[in-house]
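Spelled out from the first residue to the last, the chains are:
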Protein chains: 2
Amino acid sequence: MGATASPVTMRTLAEKLGVSVTTVSNAYSKPDRLSPELRGQILATAKELGYCGPSAAGRALRSGRTDVCGFLFGGEIADAFADPYTIAFLAGLSESVERFGASVLLLRAPGEGDDDELQLLQRAAIDALVICSSTTEHPGMELLVQRGVRVVGAQQAAEGDWVAVNDEKAGRLIGKHLAKLGHRRVTVVVPGELPDEEPFEVAPEEIGAVAGAFAAERFRGLREKLPDAELRIVCAGWRPKQAGRAAAGFALDVQDRPTAIVAMSDLLALGVADAVRERGLRPGRDISITGFDDIPDAAAAGLTTIRQPATDKGRLAGRLAMDPDYPQRQITLPIELVVRSSTGPAPKR
Amino acid sequence: MGATASPVTMRTLAEKLGVSVTTVSNAYSKPDRLSPELRGQILATAKELGYCGPSAAGRALRSGRTDVCGFLFGGEIADAFADPYTIAFLAGLSESVERFGASVLLLRAPGEGDDDELQLLQRAAIDALVICSSTTEHPGMELLVQRGVRVVGAQQAAEGDWVAVNDEKAGRLIGKHLAKLGHRRVTVVVPGELPDEEPFEVAPEEIGAVAGAFAAERFRGLREKLPDAELRIVCAGWRPKQAGRAAAGFALDVQDRPTAIVAMSDLLALGVADAVRERGLRPGRDISITGFDDIPDAAAAGLTTIRQPATDKGRLAGRLAMDPDYPQRQITLPIELVVRSSTGPAPKR
DNA sequence: GTTGTCATGTTTATCGTTAAAGTGTATCGT
DNA sequence: ACGATACACTTTAACGATAAACATGACAAC
């Protein structure tokens, strides 16, 4: 009735049963430190009084653990989650984090000057942070680390924990494939922020800043296998349609169009393929297209791509995040070139 | 060096500046309660000492607020997030929750006997919980409410907070449309758990238990407008391919096949449409198909569907979740029948 | 001159839990 | 029969922050 929502705490239980609060606590977190009978009684009384386990706040404050793993992604949530790769990664992460009795907190990467976002990230109650976005460089990362948050990246680096693929090797695989097919004029489509919604050309030395270190690595590998090719780079935003427009503006509706387009993700590649077909061109014959990730749609679309184990990547990232004692802190996962119909010999002209 | 990570707290700042801890606290959470100069000093000192704002744990314990909104979804994360509707909802939710300076915590709905999942949900440090899954009925919901967590549903109910559409009306819209086109034999495809990976037929009175209350409501509306039609219900799992198999088994490869298939989501409808085309049948001519949600792919596929504002739904859910004073606690959003080419007159036979 | 109000702080008392150390009894090897 | 161990608890002391109430001086209103 008038009784305000009774705050049932461990103390309530302890008093009712005539035991110490610590014992109640142990009933939950250290079952082997009290007799099974007593533990049974405590749990039964808890159920009876409607006590639902140690309060997260109290536990977090005292023990320093929150059992929450942050998931940092760039850009808008709708864009990020539109990519099956991200979802597969998140699914793996969530699965493994769950095994440690923890949950995943969604966190948007703060923009350059965005102080609110930064605060949200800084103050977040998390034990660890998994970074899925293209860049591992983010404002305020050092503070997080200093705060004791384990940061796990998704790309290779000299220091820190990460689960990644060898992006340079991936670039080499694509480059070798295209070189063998005779391509000498290639346009690379990378993701990135579009200030005016318009795609723009990127200089090779700026590719890391625009699209992330992973793109720079892949480009390096590509260049290695196509040393004397004419390579251009276009930043195409995050969405497939934007990629289509970018391809149109910088690769399809130009004189001396490239014979191949290398997209940094399958999602972008599919957008490019659409634009190609709209112009009556045949992917793999008139122009070759490659993607990255090998999402399910890639197979259906016959897209040549690099397969990377997205779900495993997430799973391992979760493991590094939740288990500080896991020995191997830098993990490289295998990749594989999957050749389908979207690539073929460079047309002679 | 040997210095263990210094735990910089408000006290550190307070002592260094010779002010009270409360004042430091106020510098962060109640800026108008101290002079701007002092606040400036405090913040500057904070930066200098590497203090990154009030600890979430301490704040949560004392104030009772966590600035976290739970997002509860059913099934596997990969399945849930494969549906553009869910993502649009989540994007809206995330956007509005962010405006309140909070973040979103992913939580899986606990299965019947799954105690671990239940604990994860019960103990989660959240101020509010938004339920996106088909059912609002979940074990342990009362305890959450009792704990003071605001629960926001995504379907109509007599009590509690929700943001939803009128599902019965949606059913009527589809029913009326099909009735006018002369359909008298209709199979309804609903989502749900598949115990053996096999689709199965569902009795009308069980539809709520299998697929959720929303499906029952829609069926009721459908039945109202097709009073003397022959209606069958099939549970098809969560994925488009599963829906295709279900349609095959219960609607396409049977004698006296229905003239229309009503799917409870566009995702399922697209799976059905694929199965239909595989058999050389033409959607909208040989057999009519309807979906639900109006996801982007629906337009491309020419799918007749019910449009519902998924992102707005998420946004408003976030608002109800984070703002206990928001006056309207039960919100019905508009829907609209979008007729495309996947429906047409029932073929005579 | 008295009272009231405002701005700007401080003091005090927790929020609910767990780590660390301590207490008392039973069991065991020698 | 002795100290050593193990067990099953209890006591003590925080973890870091904020709500609520109280203090102080300035300034305005009457």
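Residues numbered from 1 in each chain as written. Chains lettered and ligands numbered in written order. Predicted model: local features only at pLDDT ≥ 70, side-chain atom pairs only at ≥ 80, totals over all residues. Heavy atoms only, no water.

### Observations regarding the packing of aromatic side chains
Then, in step 1: Enumeration according to the criterion identifies eleven aromatic pairs over all chains in this entry.
Then, in step 2: Centre to centre, the rings of Tyr85 of chain A and Phe89 of chain A are 6.4 Å apart; their planes meet at 45°, and the pair counts as tilted. Of this pair, Tyr85 of chain A and Phe89 of chain A both sit in helix 6 (residues 84–99), four residues apart, which is roughly one turn of the helix.
Then, in step 3: The exposure class of Tyr85 of chain A is buried, given its relative accessible area of 12%.
Then, in step 4: Overall, Phe89 of chain A belongs to the buried group, its relative accessible area being 0%.
Then, in step 5: Grouping aromatic residues by their ring pairs yields a cluster made of Phe71, Phe73, Phe81, Tyr85 and Phe89 of chain A together with Phe71, Phe73, Phe81, Tyr85 and Phe89 of chain B.
Then, in step 6: The aromatic ring of Phe292 of chain B is capped on one face by Arg218 of chain B, whose charged end is 3.4 Å from the ring centroid. (Phe/Tyr/Trp six-rings, centres within 6.5 Å; stacked < 30°, edge-to-face > 60°. Helix = DSSP H or I, 4+ residues; strand = E, 2+ residues; numbered from the N terminus. Buried < 20%, exposed > 50% of the residue type's maximum accessible area, 1.4 Å probe, protein only. Lys NZ or Arg CZ within 6 Å of the ring centre and 35° of its normal.)

### So, the environment of Tyr326 of chain B
All names here are of chain B.
Then, in step 1: Its place among the elements puts Tyr326 in the loop between helix 15 (310–322) and strand 12 (330–333).
Then, in step 2: For Tyr326, a relative accessible area of 22% corresponds to the partly exposed category.
Then, in step 3: Aside from chain neighbours lying at most four places away, what touches Tyr326 is Leu316, Arg319, Leu320 and Ile331. (Contact = heavy atoms within 4.5 Å.)

### Points about helix 11 (residues 213–225) of chain A
Residue and element names in this part refer to chain A.
Then, in step 1: Taking 1.5 Å per residue as the helical rise, helix 11 with its 13 residues ought to reach 18 Å, and the 19 Å between its terminal C-alpha atoms agrees with that figure.
Then, in step 2: Listed as buried for helix 11 are Phe214, Ala215, Arg218, Phe219, Gly221 and Leu222. All buried residues of helix 11 project into a common sector of 160° when viewed along the axis, lining one side.
Then, in step 3: On the buried face of helix 11, the contacting elements are helix 9 (167–180), strand 6 (185–190), helix 10 (207–211), strand 8 (230–235) and strand 9 (260–263). (Expected span 1.5 Å × (residues − 1). Arc of directions from axis to C-beta.)

### A closer look at the protein's contact with DNA strand C
Then, in step 1: Among the 25 residues in the neighbourhood of DNA strand C, the closest are listed as Ser25, Tyr51 and Arg62 of chain A together with Ser20 and Thr23 of chain B.
Then, in step 2: For DNA strand C, the fraction of protein-proximal atoms (within 4 Å) that sit in sugar or phosphate groups is 62%.
Then, in step 3: Contacts to DNA strand C include Ser25 of chain A, whose side-chain N or O atom sits 2.3 Å from a phosphate oxygen.
Then, in step 4: Tyr51 of chain A has a polar side-chain atom sitting 2.4 Å from a phosphate oxygen of DNA strand C.
Then, in step 5: Elements represented by at least two residues in the surface near DNA strand C include exactly helix 2 (21–29) and helix 4 (56–63) of chain A together with helix 2 (21–29) and helix 4 (56–63) of chain B.
Then, in step 6: Of the residues in the surface near DNA strand C, the class split is nine nonpolar, eleven polar and five charged. (Near = heavy atom within 4 Å. Polar contact = N/O pair within 3.5 Å; in protein donor to acceptor, adjacent residues only side chain to side chain. Nonpolar A, V, L, I, M, F, W, Y, C, P; charged D, E, K, R; others polar.)

### Thoughts on the protein's contact with DNA strand D
Then, in step 1: Around DNA strand D sit 25 residues, and of these Ser20 and Thr23 of chain A together with Ser25, Lys30 and Tyr51 of chain B come closest.
Then, in step 2: Expressed as a percentage, the sugar and phosphate content of the atoms of DNA strand D within 4 Å of the protein is 60%.
Then, in step 3: At 3.2 Å from a base nitrogen of DNA strand D is found a main-chain nitrogen or oxygen belonging to Gly58 of chain B.

### Regarding the domain arrangement of chain A
Then, in step 1: When cut into domains, chain A gives domain 1 (10–54), domain 2 (68–164 + 311–333) and domain 3 (167–309).
Then, in step 2: The gap between the C-alpha centroids of domain 1 of chain A and domain 2 of chain A is 35 Å. (Domains from an automatic or database assignment.)

### Quick look at the relation of the copies chain A and chain B
Then, in step 1: Note on the identical chains: chain A maps onto chain B by a rotation of 180° and an axial translation of 0.1 Å, with an RMSD of 0.1 Å. On the angle and the small slide along the axis, the relation comes out as a two-fold axis. For chain A, the residue whose C-alpha comes nearest the rotation axis is Leu105 of chain A, separated from it by 2.2 Å.
Then, in step 2: Interface residue correspondence from chain A to chain B reaches 100%, placing this contact among same-surface, isologous pairings. (Least-squares fit on C-alpha atoms with pLDDT ≥ 70 in both.)

### Focus on the pattern of salt bridges
Then, in step 1: Counting across every chain of the model gives 48 salt bridges over all chains.
Then, in step 2: One salt bridge in this structure joins Arg340 of chain A and Asp294 of chain A, with 3.1 Å as the shortest N-O distance. A residue pair is termed long-range when its members are at least 10 positions apart, and Arg340 of chain A in the segment after strand 13 (336–338) and Asp294 of chain A in the loop between strand 10 (288–290) and helix 14 (296–301) qualify at 46 residues.
Then, in step 3: Asp294 of chain A sits in the buried class, given a relative accessible area of 17%.
Then, in step 4: Linking Glu201 of chain B and Arg232 of chain B is a salt bridge whose minimum nitrogen-to-oxygen distance equals 2.6 Å. In this pair, Glu201 of chain B is assigned in strand 7 (residues 200–201) and Arg232 of chain B in strand 8 (residues 230–235), connecting sequence segments 31 residues apart.
Then, in step 5: Glu201 of chain B sits in the partly exposed class, given a relative accessible area of 37%.
Then, in step 6: In the salt-bridge network here, residues are joined through shared partners; they are Glu168, Arg172, Glu217, Arg220 and Glu224 of chain A. (Salt bridge = Lys/Arg side-chain N within 4 Å of Asp/Glu carboxyl O.)

### Overview of the nonpolar core
Then, in step 1: Judged by nonpolar contacts, the single largest core of 164 residues is most densely connected at Phe71 and Phe81 of chain A together with Phe71 and Phe81 of chain B.
Then, in step 2: Residues contacting Phe81 of chain B, with those up to four places away along its chain left out, are Phe81, Ile87 and Leu90 of chain A together with Phe71, Phe73, Thr86, Ile87, Leu90 and Leu106 of chain B. (Core = buried A, V, L, I, M, F, W, Y, C linked by side-chain atoms within 4.5 Å.)

### So, the pairing of strand 8 of chain A
All names here are of chain A.
Then, in step 1: With six bridges joining them, strand 6 and strand 8 adopt parallel strand pairing. Within strand 8, the residue paired with Arg185 across the bridge is Glu230.
Then, in step 2: Here strand 7 (residues 200–201) runs beside strand 8; their pairing, made up of two bridges, is antiparallel. Across the sheet, the residue bridging to Glu201 is Val234, located in strand 8. (Pairing = 2+ DSSP bridges.)

### A word on the pairing of strand 2 (residues 103–108) of chain B
Then, in step 1: Most of strand 2 of chain B is tucked away, with five of its six residues classed as buried.
Then, in step 2: Both strand 2 (residues 103–108) of chain A and strand 2 of chain B contribute to a ladder of three bridges, which runs antiparallel. Counted as the bridge partner of Val104 of chain A is Leu106 of chain B from strand 2 of chain B.
Then, in step 3: Examined bridge by bridge, strand 1 (residues 68–73) of chain B and strand 2 of chain B share six bridges and lie parallel to one another. From the neighbouring strand, Val68 of chain B faces strand 2 of chain B, where its bridge partner is Ser103 of chain B.

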